[in-house]
Structure formats: structure tokens, C-alpha cells
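Here is what each chain is made of, one letter per residue.
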Amino acid sequence: MTPRRRLDPAERRAELLDVAATLFAAKPYEDVRMEDVADRAGISRALLYRYFPNKRDLFAAIYEQASEQLLAKSEFDPDAPVAGQVAAALDAHLAYFEANSHTVLAANRELAGDQVIQAIIEGELATLRHRLLDNACFDERARDLVSAALTSWLVFVRTMCVDWLANQAYSREELRAVCLGALWGALEPLEGRG
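Cut-offs used in this document
Residues numbered from 1 in each chain as written. Predicted model: local features only at pLDDT ≥ 70, side-chain atom pairs only at ≥ 80, totals over all residues. Heavy atoms only, no water. Phe/Tyr/Trp six-rings, centres within 6.5 Å; stacked < 30°, edge-to-face > 60°. Helix = DSSP H or I, 4+ residues; strand = E, 2+ residues; numbered from the N terminus. Buried < 20%, exposed > 50% of the residue type's maximum accessible area, 1.4 Å probe, protein only. Core = buried A, V, L, I, M, F, W, Y, C linked by side-chain atoms within 4.5 Å. Contact = heavy atoms within 4.5 Å.

**With respect to the packing of aromatic side chains**
A complete count under the given rule lists 5 aromatic pairs for this structure. Look at F24 and F59: their rings are 5.1 Å apart centre to centre, the planes differ by 80 degrees, and that puts the pair in the edge-to-face class. Taken as a pair, F24 in helix α1 (residues 9-26) and F59 in helix α4 (residues 55-73) lie far apart in primary sequence, 35 residues in all. Residues F24 and F59 agree in their burial class; the two are buried. Centre to centre, the rings of F59 and Y63 are 5.8 Å apart; their planes meet at 15 degrees, and the pair counts as stacked. Here the residue F59 and the residue Y63 both occupy positions in helix α4, the gap between them amounting to 4 residues, near one helical turn. Of the two residues, F59 and Y63, neither departs from the other in class, the shared state being buried. Feature note: the residues F24, Y29, F59 and Y63 constitute an aromatic cluster, connected by ring pairs.

Here is the structure:
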């Protein structure tokens with residue numbers, strides 16, 4: 001147990017999220033114990049439970065923070081080519097997924113039925129879809145079709161990433177190529193309609 005130190009509530013919460021994120025990244029969800037988080041943070045379990053009533057709430061806070069960070073890395077510049085920005089956003093997500101495979105697998109497997117975790121994922125996917133849609137130039141009729149294609153593509157990417165992390169049957173570069181190829185292949189018939 002690390003020595004105790006006084007922190008204001010925001011600093012303590014941030015520290016707890018950092019400590020817990022490291023543990024969830026290193027071990028499967030079921031192997032992370034609240035006691036381990038408290039010990040690593042140098043606090044009592046009672047104090048940890050004051051910030052996070054249970055392990056799922058702690059995990060949800062970590063996943064929400066990661067989602068916000070990934071969305072910050074996935075901002076689109078309307079003056080830059082969309083293709084490069086999509087690739088950069090995908091790369092940021094793949095880097096996070098690779099570094100935090102246990103966390104991503106927990107959110108998409110063990111906690112796949114959890115409404116809070118799924119709302120975080122769905123919110124992130126919706127934001128990414130809106131960003132892509134807002135930066136692509138399609139007429140109104142094509143825009144509805146593009147929106148549906150983007151929704152399907154984001155679900156496809158999520159499924160591919162979970163498979164990649166769970167099975168490690170192909171490389172990150174192969175995954176990236178398939179994901180980008182699927183998007184451009186889906187949108188190709190709509191070229192010239194914007």
C-alpha cells in the first residue's frame with residue numbers, strides 16, 4: 001500500500017481513475033478487485049466506495065473518460081481531407097484498444113448487457129458518425145444513406161476490433177486496411193451524389 005496523502009476530491013477521483021484504468025488494462029475485468037484499486041491508490045476501501053459505489057461504476061467512469069479522450073483525438077477539421085482524418089481517428093482508437101485490450105473486451109463482452117457501458121459506446125459511435133457525416137458533402141437524399149452506411153461501418157469496426165483483440169489472428173495493419181476498405185467500399189457508389 002502506498003503512503004496516504006491528502007488530495008482534493010477532483011484530484012483524488014482523477015488518481016483513482018488512473019490507478020483503476022491501469023489495473024483494468026492489465027487484467028481481465030473479473031480479476032480486478034476494488035481492494036486492489038484502494039491499495040494501489042493508498043486509500044481505504046471505504047474512501048474508494050465513497051467515490052465509486054461498485055466496480056461497474058468505477059469501470060464506467062474509466063470508459064467514459066477514455067471515450068472523451070478518444071473523441072478529443074477524433075475532432076474533424078472541415079478544411080482538411082476527410083480520408084486522412086478518418087484514418088487518424090481509426091488509428092487513435094486502435095492504439096487505445098491495443099494498449100487497453102482487457103478494458104475494451106470487458107466493455108464489449110462481460111458488460112455487453114450493461115446499459116450504462118453500452119450508452120457510453122453508443123454515444124461515442126453517434127458522435128463519430130455525426131462528425132463524419134457533417135464533414136462529407138452529400139445531398140440530402142444521399143446523406144440519409146451515408147448516415148446508415150456510417151452506422152453500419154462503426155458497428156463493423158467495433159466487431160472487428162473485438163475479434164482482433166480476442167483472437168489475435170491478424171495484425172493491426174490488416175485490421176486497419178479492412179476497416180478503411182469497408183468504409184470507402186460502402187461509400188464509393190455514392191460518389192458524385194454530393
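Structure shown, so let's carry the discussion forward.
**Some words on the environment of A95**
Examined against the element boundaries, A95 turns out to sit in helix α5 (residues 82-99). For A95, a relative accessible area of 33% translates into the label partly exposed. It is 24 Å that separates the C-alpha atoms of A95 and A149, two residues lying 54 residues apart in sequence.

**Concerning the nonpolar core**
L58 and F59 are the most contacted members of the largest nonpolar core, which has 64 residues in total. If you list the elements that add at least two residues to this core, you get α1, α2 (34-41), α4, α5, α6 (101-110), α7 (115-135), α8 (140-167) and α9 (172-187). No other element matches α8, which puts 12 residues into this core. Beyond its immediate stretch of four places on either side in the chain, F59 contacts F24, Y29, T103, A106, A107, L111 and I117.

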